[in-house]
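# Working through the structure, step by step
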Amino acid sequence: MHLQSIDYPKLGVKPRIIPVVSTKGGEGKSTQSANLAGFLADAGIKTLLIDGDHAQPTASSIFPLEYEAPGGLYELLMQTVDLSNPDNLISRTSINNLDIIVSNDPRNFLPTAMLNAPDGRVRLRNALSHPLFNSYGVIIVDSQGSRSVMSELIILASTGTMVGIAKPILPDVREFMRGTVALMEELLPYCAFGIQLPVTKLLINCMEYDNLSVETLAEVKAVVEDKRYSAHADKIHIDLLETCIYDLTVYVLGHVKGVPVHRLEKNTRRKSDSAFTSMYQLACELFPEWKANFDALANAGGEE
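In short, a report on the structure. In this text the structure is predicted, and so the values were computed from the model without any measurement.

A word on the overall build of the protein. If you tally the helices and strands in the protein, you get eleven helices and nine strands. If you line up the protein on its principal axes, its C-alpha atoms span 50 × 45 × 35 Å. In the protein, buried positions account for 56% of the 304 residues. Of the contacts made within the protein by residues no fewer than 6 positions apart, 79% connect residues no fewer than 24 positions apart. On the protein, roughly 13000 Å² of surface is accessible, and the fraction owed to carbon and sulfur atoms is 50%. Within the protein, the 36 negative side-chain charges are centred at a point lying 2 Å from the centre of the 27 positive side-chain charges.

With that settled, the discussion passes to the pairing of strand 9 (residues 238-246). Pairing analysis gives five bridges linking strand 8 (residues 199-207) to strand 9, with the strands arranged parallel. Across the sheet, the residue bridging to Leu202 is Leu240, located in strand 9. On the question of chirality, the crossover connecting strand 8 to the parallel strand 9 by way of helix 8 (residues 211-225) is right-handed.

Time to look at a nonpolar patch on the surface. Taken together, the side chains of Val252, Leu253 and Val256 present a nonpolar region at the surface, about 280 Å² in accessible area. Looking at the element boundaries, Val252 is found in helix 9 (residues 250-257).

The next point concerns the packing of aromatic side chains. Counting across every chain of the model gives five aromatic pairs. The interplanar angle of 55 degrees and the centroid separation of 6.5 Å between the aromatic rings of Tyr190 and Phe193 together place this pair among those described as tilted. Look at Phe193 and you get exposed, because its relative accessible area is 67%. Plain terms: the ring middles of Tyr209 and Tyr246 are 5.1 Å apart, the flat faces sit at 15 degrees to each other, and that makes the pair stacked. Note that Tyr209 is positioned in the loop between strand 8 and helix 8 and Tyr246 in strand 9, a separation of 37 residues in sequence. The partly exposed category is assigned to Tyr209, whose relative accessible area is 42%. A connected cluster of aromatic rings, assembled from ring pairs, spans Phe39, Phe276 and Phe294. Geometry around Tyr136 places Lys46 over its ring, the cationic atom sitting 5.0 Å from the centre.

By the element assignment, Lys201 lies in strand 8. Apart from the residues within four sequence positions on either side, Lys201 is in contact with Thr161, Met162, Val163, Gly164, Asp239, Leu241 and Leu286. Within the structure, the side chain of Lys201 is placed 3.1 Å from the side chain of Asp239, a separation counted as a polar contact.

One pass over the structure, following the stated rule, counts ten salt bridges. Among the ionic pairs, Arg123 bridges to Asp119, the shortest N-O distance being 2.7 Å. The exposure class of Arg123 is buried, given its relative accessible area of 12%. The exposure class of Asp119 is partly exposed, given its relative accessible area of 24%.

As a further point, take the layout of surface pockets. Of the volumes computed, that of the largest pocket is approximately 370 Å³. Secondary structure elements with two or more residues in the lining of the largest pocket: helix 2 (29-42), strand 8, strand 9 and helix 9. A class-by-class count of the residues in the lining of the largest pocket yields six nonpolar, 13 polar and five charged. As a volume, the second largest pocket reaches approximately 150 Å³. Lining the second largest pocket, in full, are Lys14, Pro15, Ile17, Arg125, Leu128, Ser129, Asn134, Ala157, Ser158 and Thr159.

Another point: helix 2. Think of an α-helix as 3.6 residues a turn; residues three or four steps apart then line up on the same face. For helix 2, which comprises 14 residues, the first-to-last C-alpha distance of 20 Å matches the rise-based estimate of 20 Å (1.5 Å per residue) to within 8%. Downstream of helix 2 by one or two residues, Gly44 has phi in the positive range, about 90 degrees.

The grouping of Glu208, Asp210, Glu215 and Asp247 at the surface amounts to a negative patch. Looking at the element boundaries, Glu208 is found in the loop between strand 8 and helix 8. Assessed through its relative accessible area of 32%, Glu208 is described here as partly exposed.

Our next topic: the pairing of strand 1 (residues 16-21). In terms of residue burial, strand 1 counts as a mostly covered element, since five of its six residues are buried. Bridging between strand 1 and strand 7 (residues 161-166) involves two bridges; their strand directions are parallel. Of the residues in strand 7, the one forming a bridge with Val20 is Val163.

What follows is about the environment of Thr47. Mapped onto the secondary structure, Thr47 falls in strand 2 (residues 47-51). Owing to a relative accessible area of 0%, Thr47 belongs among the buried residues under this scheme. Distance in space between the C-alpha atoms of Thr47 and Asn96 is 9.4 Å, their sequence separation being 49 residues. Apart from residues lying up to four places away in sequence, Thr47 is in contact with Ala37, Leu40, Ala41, Asn97, Leu98, Asp99, Tyr136, Val138 and Ile140. Reaching out from Thr47, the side chain makes a polar contact with the backbone oxygen of Ile45 at a distance of 2.8 Å.

Conventions we followed
- Residues numbered from 1 in each chain as written.
- Predicted model: local features only at pLDDT ≥ 70, side-chain atom pairs only at ≥ 80, totals over all residues.
- Heavy atoms only, no water.
- Helix = DSSP H or I, 4+ residues; strand = E, 2+ residues; numbered from the N terminus.
- Buried < 20%, exposed > 50% of the residue type's maximum accessible area, 1.4 Å probe, protein only.
- Contact = heavy atoms within 4.5 Å.
- Areas by Shrake-Rupley, 256 points an atom, 1.4 Å probe, with all protein chains shown as cover.
- Lys, Arg positive; Asp, Glu negative; His and termini not counted.
- Charge placed at Lys NZ, Arg CZ, Asp CG, Glu CD.
- Pairing = 2+ DSSP bridges.
- Right-handed = clockwise from strand over helix to strand, strands pointing away.
- Patch = residues over 30% accessible without salt bridge, like charges linked within 9 Å, V, L, I, M, F, W, Y side chains within 5 Å.
- Salt bridge = Lys/Arg side-chain N within 4 Å of Asp/Glu carboxyl O.
- Phe/Tyr/Trp six-rings, centres within 6.5 Å; stacked < 30°, edge-to-face > 60°.
- Lys NZ or Arg CZ within 6 Å of the ring centre and 35° of its normal.
- Polar contact = N/O pair within 3.5 Å; in protein donor to acceptor, adjacent residues only side chain to side chain.
- 1 Å grid on protein atoms, 1.4 Å probe; cavity = no way out; pocket = protein on both sides within 12 Å on 5 of 7 lines; lining within 4 Å.
- Points joined across faces, edges and corners; volume = space filled by probe spheres on them.
- Nonpolar A, V, L, I, M, F, W, Y, C, P; charged D, E, K, R; others polar.
- Expected span 1.5 Å × (residues − 1).

In structure tokens form, the structure reads like this:
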């Protein structure tokens, strides 16, 4: 079930560019990037998913493609693609309203190229300002789990918000604070050029109802509320999302079937939220301006 898409060019709406970032691998960035993109698309929001993980391009393969473009992230960043023709760059998934730019740098050339290019760290930001991308309401950019120039250019492409992801395990949370926050601190000089760092919306993934997870969540909340994550907390802002993603097998099933998880599970008798409810709550927190669309999708039905 999907809703009629919003006509963004007529409304003059610029896309919301949302990076999904964690410097630690295995936190679930690709899974949640793809599922959020799929939920937005079914709610009528024309969405572009960019697979920015050049080393392990998971997001490129979660949903089947109806059309695979000859170019991808490599051509976009190396500026070798003609953006006047979307078919050169943008692949179309089997999900209405959801397109993708695949990751296609198997030889790992991009990090070195972007590191040595004078405009490397702002190249994605500049590329996404092209009129080609104005037809999208949201552009979600998945990232690699590392501190690198690729993560930096993805963060700097944000239009104001990025999603950080961590599991409710203290070492993982500490790595997020050490790695991702430290990466943000290194980008502070760009503020002098009028580029504001995004507000980080921290999403706890793979939540459980055990004491350890609950205690870890409480500790994270205290650190965020007290701004104990950085000496530059006046310039680097982190908010803890109320939504938590629970550790459910339906997310694995979504990969297997190649569909967004909200289509697979709308209702549940478990204590934890269903996949539909989790995606609905996350979308409402990140994009409150489209809550009517999300409510319509909820009323129309989320399972197939």
